[in-house]
Amino acid sequence: MNYETSLNADQTDIGFASDNEPQTPTKRGWMIAAGVILLLIIAAAIGYAVMKGQSDAAKTAAADDKKDAGQSVTVVSPGNGTVVRAINATGTLAARRDVPVGVVGEGGQVVRIYADAGDWVKQGQILVSIDRSVQSQEAASLQAQIGVARADLQLAENELKRALQLIDRGFISKADVDRRTATRDSARARVNVAVAQLNAAQARNARLNIRAPVGGYILERNVQTGQTVSGGSGTLFRIAQNGEMELQAQLGEVDLAAMSVGVQATVTPVGGEREFIGRIWQIAPLINQDSRQGIARIALPFDNSLRPGGFANVVIKAGAITAPVLPESAIQNDRDGAYVYIVDKENKAVRRPIKLGDVTPSGIAIIEGLNGTERVVLRAAGFLQPGETVVPKLLKN
């Protein structure tokens, strides 16, 4: 057997070259390796495409599942709490009993003033003296007339006594006795008239001293020395009886209906920081037809910071209620009124109409529509529709 012939035959069987281009064993090996690598790359590409398709399908399916489950919302179960109802209002400060003081008698020229605005006075204390020189002379004249009348009375009584002694002896008639008796009675009546006239004059003169009708704090003085005053001069002084003050708070009909005598209130004068504690002592029986408001009068102790005529803010505690409290973000409003969305047992959004109460530091009290055990949508309720399926996430307090 020829060795050379056999070797050439083997090379021809395993080579990739044509008859005209013989290949070496090294070159054919590289081409085989390249083919294998190409096949591997193609297989990897196909595998990647298949896996990516599966991943996209999985994501699409998850998104579809999430869409079917509904959007995620935060819910809260508000429970019930004690809410102190506080009504805020404004009003005008005033004297609780503002007593005007004017001229009672005929008046005249003011000769002396004994008190001024800001003074404390006692009941009956003289505030103003009016000239009484003419009136004093009239009183003296009346006093003299009393003396004359009493002298006439004494004379008439003496004559009557003598007549009574002579009638038994027959020296005087019964008619003379009767005349003397009438004279005596007339003289006694003239004395009484003169005394009454003097008393009236003295009373008129006493009214020339203008006195404080009540004890208290003088708010205003409108008289000067030398001024001529009379009954038409108006108010000379204004006195706050016993110095007691009040705030006349303006309240709407609804708030006024919730008031009662004795309710505590905190008053803060405008421009100041001090707070004064008072209590409602009177509620107006009438409502103003134009403003639809009424007045609650709040009694206050005297203080120089409480100046009648000034404005003040007041917070009135009108009792306490037990009710759920929600933040403002959970409450929606439209033309039908306030409402919230709650999540039912099937995780569906349900619109629930509510009635709002007072605003508190922790939220708004709900006085109708909720019992506190519901799952209330806390935020984004405006994007929900009734019956929409949601995924609730409970917010823990």
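Conventions and cut-offs
Residues numbered from 1 in each chain as written. Predicted model: local features only at pLDDT ≥ 70, side-chain atom pairs only at ≥ 80, totals over all residues. Heavy atoms only, no water. Salt bridge = Lys/Arg side-chain N within 4 Å of Asp/Glu carboxyl O. Helix = DSSP H or I, 4+ residues; strand = E, 2+ residues; numbered from the N terminus. Buried < 20%, exposed > 50% of the residue type's maximum accessible area, 1.4 Å probe, protein only. Phe/Tyr/Trp six-rings, centres within 6.5 Å; stacked < 30°, edge-to-face > 60°. Pairing = 2+ DSSP bridges. Polar contact = N/O pair within 3.5 Å; in protein donor to acceptor, adjacent residues only side chain to side chain.

**Student:** Sorry if this is basic, but what is going on with the pattern of salt bridges here?
**Tutor:** For the structure shown, the criterion picks out 11 salt bridges. For Asp 185, the salt bridge is made with Arg 184, and the minimal N-O distance between the two is 2.8 Å. With a closest N to O distance of 3.4 Å, Glu 253 and Arg 292 form a salt bridge. Of this pair, Glu 253 sits in helix α5 (residues 253-257) while Arg 292 sits in the loop between β13 (276-283) and β14 (293-300); the two residues are 39 residues apart in sequence, bridging distant segments of the chain. Owing to a relative accessible area of 39%, Arg 292 belongs among the partly exposed residues under this scheme. What you see here is one network of salt bridges that share partners, running through Asp 98, Glu 220 and Arg 238.

**Student:** Even after reading the chapter, I still don't get the packing of aromatic side chains, so can you show me in this structure?
**Tutor:** Two aromatic rings, taken as a pair, are described by how far apart their centres are and by the angle between their planes. Across all of its chains, the model carries four aromatic pairs by this definition. When the ring of Trp 120 is compared with that of Tyr 217, the centres are 5.2 Å apart and the planes differ by 55 degrees; the resulting orientation is tilted. Highlighted residues: Trp 120 in strand β5 (residues 120-121) and Tyr 217 in strand β8 (residues 216-221), separated in sequence by 97 residues. Taking relative accessible area as the criterion, Tyr 217 reaches 16% and is therefore assigned buried. A centroid spacing of 5.9 Å and a plane angle of 85 degrees characterise the contact between Tyr 339 and Tyr 341, whose relative ring orientation is edge-to-face. Like Tyr 339, the residue Tyr 341 is buried in the burial classification. An aromatic cluster of at least three residues, connected via ring pairs, comprises Trp 120, Tyr 217 and Phe 302.

**Student:** It is not clear to me how unusual backbone geometry should be interpreted in this structure. Could you clarify?
**Tutor:** At Asn 242, a position not held by glycine, the phi torsion is positive, near 60 degrees. In this fold, Asn 242 is placed in the loop between β10 (237-241) and β11 (245-252). At Asn 347, a residue that is not glycine, the phi angle is positive and equals roughly 60 degrees. Along the chain, Asn 347 falls in the loop between β18 (337-343) and β19 (349-353).

**Student:** Sorry if this is basic, but what is going on with the sheet that holds strand β20 (residues 355-360) here?
**Tutor:** Strand pairing in a sheet relies on backbone hydrogen bonds. The paired strands run either parallel or antiparallel. Pairing in this open sheet of three strands is antiparallel, and the strands run β16-β21-β20 from one edge to the other. Bordering the open sheet on either side are β16 (325-326) and β20, each of which pairs with just one other strand. Alignment of β20 against strand β21 (residues 363-368), held across four bridges, turns out to be antiparallel. Following the sheet pairing, Thr 360 is matched in β21 by Gly 363.

**Student:** How do you make sense of the side chain of Asn 209 when you look at a structure like this?
**Tutor:** When you line up the elements, Asn 209 lands in strand β7 (residues 209-211). Residue classification places Asn 209 among the buried positions, given a relative accessible area of 15%. A distance of 3.1 Å separates a polar atom in the side chain of Asn 209 from a polar atom in the side chain of Ser 129.

**Student:** What exactly am I supposed to notice about the sheet that holds strand β3 (residues 98-101) here?
**Tutor:** What the four strands build is an open sheet, ordered β3-β10-β8-β5; its pairing is antiparallel. The strands lining the two open edges of the sheet, one partner per strand, are β3 and β5. In this sheet, β8 lies alongside β5 in antiparallel orientation, the contact comprising two bridges. When the bridges of β8 are listed, Trp 120 appears paired with Tyr 217.

Function cannot be inferred from these measures alone, as they are strictly geometric.
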